[in-house]
Amino acid sequence: MYGLFRPRQWQLAPRYITPQEFRGIVEALTPIGADTSLQDKFAFEAVCKQSGLPCIETIMVLGSTTLENTSPDNMKAHRLQECDLFIKPVSARSGSGTEMWSWTTSGFVNHRGEVRTSRELLEHLVQRSTSQAILVQRRIKNHRTISEHFGISALSTVRIVTTLTDAGQPNLFQALFKMPRKHSIVDNLGAGGIGCGVQLDTGRLEAGHVKANHESLHEHPDTGALITGFALPQWQEVRRTALDAHRAFSNVAIIGWDIGISDSGPVIIEGNPFPAVESLQQSHGPLEVNPNFWPFIRTAATNSQSVESNNYLA
C-alpha cells in the first residue's frame with residue numbers, strides 16, 4: 001500500500017501509524033462524555049439542521065425504529081418520496097449492500113436497469129430490513145464539473161479531516177477526494193474506489209491511488225480523465241462547511257467529514273471520529289510528517305485532561 005519496498009519509502013516505515021494505533025490515540029484523547037451524535041444518524045442530522053449545516057436527508061430507517069416489522073398489507077400509510085434515493089445498511093462497511101434508485105415517470109429505476117413502483121420498492125426494502133437495518137436517503141448528485149470531467153455518475157466525496165487548535169477553533173488537517181470506478185455506485189476505497197490527495201489551499205487533486213496498489217494514478221483508469229491538477233469546484237465552500245461542522249461538534253478532537261459537492265453546494269454525508277488513516281497516509285505520506293500532527297496531539301491531550309478534571313471536580 002505504501003510502497004515500502006522502495007529504499008526511500010522504507011526509511012519512512014517507522015513513521016507510519018497503523019489503524020489500531022490511530023484509534024488508540026484518538027480514544028485516549030477523547031474526554032469522557034464527548035459528543036456521540038456523530039455515530040447516530042438521526043441525532044447527527046438534527047445537530048446539522050440546528051446549526052444550519054447542509055447535510056444529506058435521511059428519509060427513513062427500516063428495521064430499526066421506523067416501519068420495523070411492517071407487513072406489506074400495512075404499508076399503504078407509508079410512501080417513498082418520489083425522488084432519487086440511495087439505500088445502504090446502517091452498519092455497512094466499504095459500500096456493501098448499497099442500492100441507487102432514480103425516480104422516473106416509469107417508477108424507480110436502479111443502476112442495473114430494474115424498474116419498481118414505489119410500493120414494490122418499499123416492499124423490497126422492508127424484506128431486506130428483516131436481517132439488517134436499512135437507511136433510505138435522498139441521493140446527492142455530483143457537481144456537473146465533476147461528473148462531466150470524470151464521466152462518472154455515482155457520488156464522489158471529499159474526506160476532509162479537521163482538528164481543534166489550542167484555542168478550541170477548528171483547523172483543516174488533510175483532505176482526500178474519493179472517486180468510484182466507472183460501474184460502481186460507491187466511492188469507498190475498500191470497494192475499489194480511487195483516493196486522491198487534495199491540496200488544502202487550492203482544492204487541486206494530486207495523483208490517485210487504489211487501496212491494493214502502490215502505483216500512482218494520474219488518469220482515471222476507466223475514463224482516461226486527468227486526475228492530477230484537477231480543481232474541485234466550490235472548494236472554499238467545502239472548507240468553510242467542514243470548519244463550521246466541527247464547531248457544532250466542538251468536544252471531538254478529530255473528525256473526518258465526508259462531503260459531497262453538488263450543483264447547489266457542499267452537502268455533508270457523515271462525520272467520522274476515526275477517519276481512515278491508511279487512505280490518508282497512502283495519499284499524503286506518514287501522519288507524523290504533517291506539520292499539524294504533533295500540535296493536534298498536544299492540544300487534544302491538554303483539552304482531554306482539562307475536561308476530565310472538570311468532570312471529576314463536578
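Below, the structure is looked at part by part. Since the structure is predicted, the reported quantities are computational estimates derived from the model, not experimental observations.

Each helix and strand in the protein was counted, giving 8 helices and 12 strands. The proportion of buried residues among the 314 residues of the protein is 47%. Residue pairs in contact within the protein that sit at least 24 positions apart in sequence constitute 63% of those at least 6 positions apart. Accessible surface for the protein amounts to roughly 15200 Å². Of this, 49% is attributable to carbon and sulfur atoms.

Sheet architecture is open: 6 strands sit in the order β10-β9-β8-β7-β11-β12, paired in antiparallel fashion. At either end of the open sheet lies a strand with only one pairing partner, and these are β10 (205-210) and β12 (265-272). Here the strands of the sheet are splayed against their neighbours by 30° on average, with no regard to which way each runs. Alignment of strand β7 (residues 157-164) against strand β11 (residues 254-262), held across 7 bridges, turns out to be antiparallel. Residue pairing in the sheet places Val158 in a bridge with Ile259 of β11.

Turning next to helix α6 (residues 235-248). End to end, α6 covers 20 Å across 14 residues, agreeing with the expected 20 Å (1.5 Å per residue, within 8%). Contacts from the buried residues of α6 go to β7, β8 (170-179), β9 (194-198), β11 and β12.

Under the defined criterion, the tally for this structure stands at 7 aromatic pairs. Taking 5.0 Å as the distance between ring centres and 70° as the angle between the ring planes, the aromatic pair formed by Phe150 and Phe230 counts as edge-to-face. Taken as a pair, Phe150 in helix α5 (residues 144-150) and Phe230 in the loop between β10 and α6 lie far apart in primary sequence, 80 residues in all. In this pair, the class of Phe150 matches that of Phe230, namely buried. Among the aromatic side chains, those forming a connected cluster through ring pairs are Phe44, Phe249 and Trp257.

The strand order across the open sheet built from 6 strands is β1-β6-β2-β3-β4-β5, with neighbouring strands paired in antiparallel fashion. Looking at the sheet topology across the chains shown, the edges are occupied by β1 (58-62) and β5 (115-116). Sheet topology note: the β1/strand β6 (residues 134-138) ladder contains 4 bridges and is antiparallel. Its bridge partner lying in β6, Leu62 is registered against Ile134.

This paragraph deals with unusual backbone geometry. The backbone of Gln234 sits at a positive phi, close to 55°, despite the residue not being glycine. For Gln234, the location among the structural elements is in the loop between β10 and α6.

To continue, consider the side chain of His143. Within the secondary structure layout, His143 lies in the loop between β6 and α5. Polar side-chain contacts of His143 include one of 3.0 Å to the backbone nitrogen of Thr145. With residues up to four places along the chain from it excluded, the contact list for His143 reads Pro233, Gln234, Ile261, Ser262 and Asp263.

Looking only at helix α2 (residues 19-29), the buried set comprises Phe22, Val26 and Leu29. Taken around the axis of α2, the buried residues stretch over an arc of 70°, which confines them to a single face. Residues of α2 that are exposed and point over 90 degrees away from its buried face: Gln20 and Ala28.

Scanning the entire structure with this criterion turns up 1 cavity of 30 Å³ or more. What the largest cavity holds in volume is close to 60 Å³. Lining the largest cavity, in full, are Lys41, Phe44, Glu45, Cys55, Ile56, Thr58, Gln137, Ile268 and Ile269. Elements with a minimum of two residues in the lining of the largest cavity: α3 (41-50) and β12. Along the lines of polarity and charge, the residues of the lining of the largest cavity split into 5 nonpolar, 2 polar and 2 charged.

What follows is about the side chain of Arg128. Residue position: Arg128 is located in helix α4 (residues 118-128). Here Arg128 falls in the buried class, since its relative accessible area comes to 18%. Side-chain polar atoms of Arg128 contact the backbone oxygen of Gly97, separated by 3.0 Å.

About the thresholds
Residues numbered from 1 in each chain as written. Predicted model: local features only at pLDDT ≥ 70, side-chain atom pairs only at ≥ 80, totals over all residues. Heavy atoms only, no water. Helix = DSSP H or I, 4+ residues; strand = E, 2+ residues; numbered from the N terminus. Buried < 20%, exposed > 50% of the residue type's maximum accessible area, 1.4 Å probe, protein only. Contact = heavy atoms within 4.5 Å. Areas by Shrake-Rupley, 256 points an atom, 1.4 Å probe, with all protein chains shown as cover. Pairing = 2+ DSSP bridges. Axes fitted to C-alpha atoms, helices over the stretch in contact; angles between N-to-C directions. Expected span 1.5 Å × (residues − 1). Phe/Tyr/Trp six-rings, centres within 6.5 Å; stacked < 30°, edge-to-face > 60°. Polar contact = N/O pair within 3.5 Å; in protein donor to acceptor, adjacent residues only side chain to side chain. Arc of directions from axis to C-beta. 1 Å grid on protein atoms, 1.4 Å probe; cavity = no way out; pocket = protein on both sides within 12 Å on 5 of 7 lines; lining within 4 Å. Points joined across faces, edges and corners; volume = space filled by probe spheres on them. Nonpolar A, V, L, I, M, F, W, Y, C, P; charged D, E, K, R; others polar.

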